[in-house]
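Each chain is listed here by its residues.
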Amino acid sequence: MLKQVAEGVLVHESEFIQSNCTVVQGRDGVLLIDPGITVNEMAGIAEDLQRLGQPVVAGFSTHPDWDHVLWHPDFGDPPRYGTARCAASIRGVLSQPDWTDQVAEGLPPEYAEQIPMDLLGLITGLRAGADEIPWDGPTVRVLEHQAHAPGHAGLLVEESGVLVAGDMLSDTLIPFLDVEAADPLSDYLEALQQFEAAAGDVFAVVPGHGSVGGSEQLLERISLDRAYVQALQDGRDPQDPRVGPAAPLCWMADVHSWQLQRLAEKRRG
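From a predicted model like this one, the values you see are computed outputs, not experimental measurements.

Cut-offs used in this document
Within each chain, residues carry numbers counting from 1 in the order of the written sequence. The predicted nature of this model means local features are confined to residues of pLDDT at least 70 and side-chain atom pairs, given and counted, to a pLDDT of 80 or more, with totals for whole chains, interfaces and linings taken over all residues. Excluded from the side-chain calculation are hydrogens and water; included are all heavy atoms of the structure. Runs of H or I in DSSP of at least four residues are treated as helices and runs of E of at least two as strands, each being numbered from the N terminus. Here the radius of gyration uses the C-alpha set of atoms, whereas the globule reference equals 2.2 Å times the residue count to the power 0.38. For every residue, the accessible area obtained with a 1.4 Å probe (protein chains only) is divided by the maximum for its type, and the residue is called buried under 20%, exposed over 50%, and partly exposed between those limits. All accessible-area figures derive from a Shrake-Rupley calculation using a 1.4 Å probe, and residue coverage is judged against the displayed protein chains alone. Counting rule for charge: Lys and Arg are taken as positive, Asp and Glu as negative, and neither His nor the chain ends is counted. By convention, charge coordinates are those of NZ in Lys, CZ in Arg, CG in Asp, or CD in Glu. Only buried Ala, Val, Leu, Ile, Met, Phe, Trp, Tyr and Cys residues count toward a nonpolar core, and they belong to the same one when joined by side-chain atoms within 4.5 Å. In what follows, residue pairs with any heavy atoms lying within 4.5 Å of each other are defined as contacts. In this analysis, the expected span of each helix is defined as 1.5 Å times one less than the number of residues it contains. Taken from the helix axis, the directions to the C-beta atoms give the arc we talk about. For this analysis, a ring pair means two rings from Phe, Tyr or Trp (six-membered ring only for Trp) whose centres lie within 6.5 Å, classed as stacked if their planes differ by under 30 degrees, edge-to-face if by over 60, and tilted for the remaining angles. For two strands to count as paired, DSSP must find a minimum of two bridges between them. Crossovers are described as right-handed under a simple rule: with the strands pointing away from the observer, the path leading from the first strand over the helix to the second runs clockwise.

K.L.:
Before we go on, may I ask you to explain the overall build of the protein chain in this structure?
P.N.:
The helix and strand inventory of the protein chain stands at six helices and 12 strands. For the protein chain, the C-alpha radius of gyration of 18 Å lies close to 18 Å, the compact-globule estimate for 269 residues. Projected onto the principal axes, the alpha-carbon positions of the protein chain cover approximately 55 × 45 × 40 Å. In the protein chain, which comprises 269 residues, the share counted as buried stands at 54%. Accessible surface, the protein chain: about 12,200 Å² in total, of which carbon and sulfur atoms supply 48%. Side chains of the protein chain give 16 positive and 41 negative charges; the mean places of these two sets differ by 6 Å.

K.L.:
Sorry, what's going on with the nonpolar core here?
P.N.:
Side chains of a nonpolar character, in soluble globular proteins, are inclined to be buried together. Leu163, Met168, Leu169, Leu177, Tyr188, Phe195 and Leu218 are the most contacted members of the largest nonpolar core, which has 30 residues in total. Contributions of two or more residues to this core are made by α4 (184–198), α5 (215–234) and α6 (252–268). Among the elements that make up this core, the one with the highest residue count is α4 (seven residues). In this structure tyrosine 188 touches Ala147, His148, Asp167, Met168, Pro175, Phe176, Leu177, Asp225 and Val229, once residues within four positions along its chain are discounted.

K.L.:
Could you clarify how one ought to interpret α6 in this entry?
P.N.:
Since the α-helix turns once every 3.6 residues, residues separated by three or four places project in the same direction. In this model, α6 (17 residues) spans 25 Å end to end at C-alpha, consistent with the 24 Å of a helix rising 1.5 Å per residue. Buried within α6 we find Met252, Val255, His256, Gln259 and Leu263. Each buried residue of α6 sits inside an arc of 100° when the element is viewed along its axis, so together they form one side. Residues of α6 that are exposed and angled more than 90 degrees away from the buried face: Asp254 and Arg268. Buried residues along α6 sit against α4 and α5.

K.L.:
How do you make sense of the packing of aromatic side chains when you look at a structure like this?
P.N.:
One pass over the full model with this rule turns up three aromatic pairs. Arranged with centres 5.7 Å apart and planes meeting at 75°, the rings of phenylalanine 16 and tyrosine 111 form a pair that is edge-to-face. In this pair, phenylalanine 16 sits in the loop between β2 (9–13) and β3 (20–25) while tyrosine 111 sits in the loop between α3 (99–105) and β7 (124–125), placing the two residues 95 residues apart along the sequence. Where tryptophan 71 meets phenylalanine 75, the ring centres are 5.1 Å apart and the plane angle is 65°; that geometry is what we call edge-to-face.

K.L.:
Honestly, the sheet that holds strand β10 (residues 162–164) in this entry has me stumped. Any pointers?
P.N.:
By definition, the strands of a sheet pair up through backbone hydrogen bonds, in either a parallel or an antiparallel sense. In spatial order, the strands read β8-β9-β10-β11-β12; together these five strands make up an open sheet with mixed pairing. With partners counted over all chains shown, the strands left at the sheet margins are β8 (140–144) and β12 (213–214), one partner each. Of the strand pairs in this sheet, strand β9 (residues 153–157) and β10 are connected by three bridges, and their pairing is antiparallel. Within the sheet, the bridge partner assigned to valine 157 lies in β10 and is valine 162.

K.L.:
Would you mind going over the pairing of strand β5 (residues 56–60) with me for this structure?
P.N.:
The two faces of the sheet receive side chains in turn, since in a regular strand these alternate between them. Counting buried positions along β5 yields four of five residues, so the element is predominantly enclosed. Both strand β4 (residues 30–33) and β5 contribute to a ladder of four bridges, which runs parallel. When the sheet's bridge partners are listed, isoleucine 33 is paired in β5 with phenylalanine 60. Once you follow β4 into helix α1 (residues 39–51) and on to β5, the crossover reads as right-handed. In terms of strand pairing, β5 meets strand β6 (residues 80–82) through two bridges, oriented parallel. Residue pairing across strands places phenylalanine 60 opposite tyrosine 81, the latter belonging to β6.

K.L.:
Is there a simple way to explain unusual backbone geometry in this structure?
P.N.:
For residues besides glycine, phi is generally negative; the peptide bonds are generally trans as well. Although it is not a glycine, isoleucine 17 adopts a positive phi angle of roughly 35°. Relative to the helices and strands, isoleucine 17 resides in the loop between β2 and β3. Judged by its relative accessible area of 24%, isoleucine 17 is partly exposed. Although it is not a glycine, aspartate 34 adopts a positive phi angle of roughly 50°. Here aspartate 34 is to be found in the loop between β4 and α1. Residue class for aspartate 34 comes out buried when judged on its relative accessible area of 4%.

Have a look at this one:
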């Protein structure tokens, strides 16, 4: 199930909107980033790691959306990290007595019965401002920002030059804004600037959803995402190829329309 994208870095692509799970190999085991969607997929990833003789020694969730904070018992019980804001956000969800019902409302019906909820969101927050993941493996730099979701983070595996981008830099998804934030458009542009500053060290980019790309694709996706966000900021039609009749996913047009509506509501106060 796992495919190598760079030395010491493996990726599994889920059937659910091309969700990517990333594995970084270390000295005594692996770091598991955004570990999958369905029970069978995660069990298969665990089986692959067992065959490689590589136990999971740490986990990381790039942000607190349900599809990035799942877990499977076959991965064991290592520390599972996220940024401090990510951990606080998912704790807020789990503190609600009806949190399972709330999460279930957002699950895709065709996968809902296959998604395990028991270990969802058991994240330990890194110290505020932490710039590396604490584990015995290659240096993994934390690029925290506030685009898409509270405490969202990209991860740069410095040794192999792999950027794990979370729910950004996709070839199939438009930028999903955190419309609850005070200034979601500026937040997104600042995050793209942060990724661009690191681009010289990147050999491959792994989006949360979509195809793995090389260094050229990274710059193209930054440019495409920036053009989309700036168009919304200027009140123009972004004319993004990921929206419209030829788009890879037909429902992107609905997401785009919804974001326009929410931004208009926010401007009206």
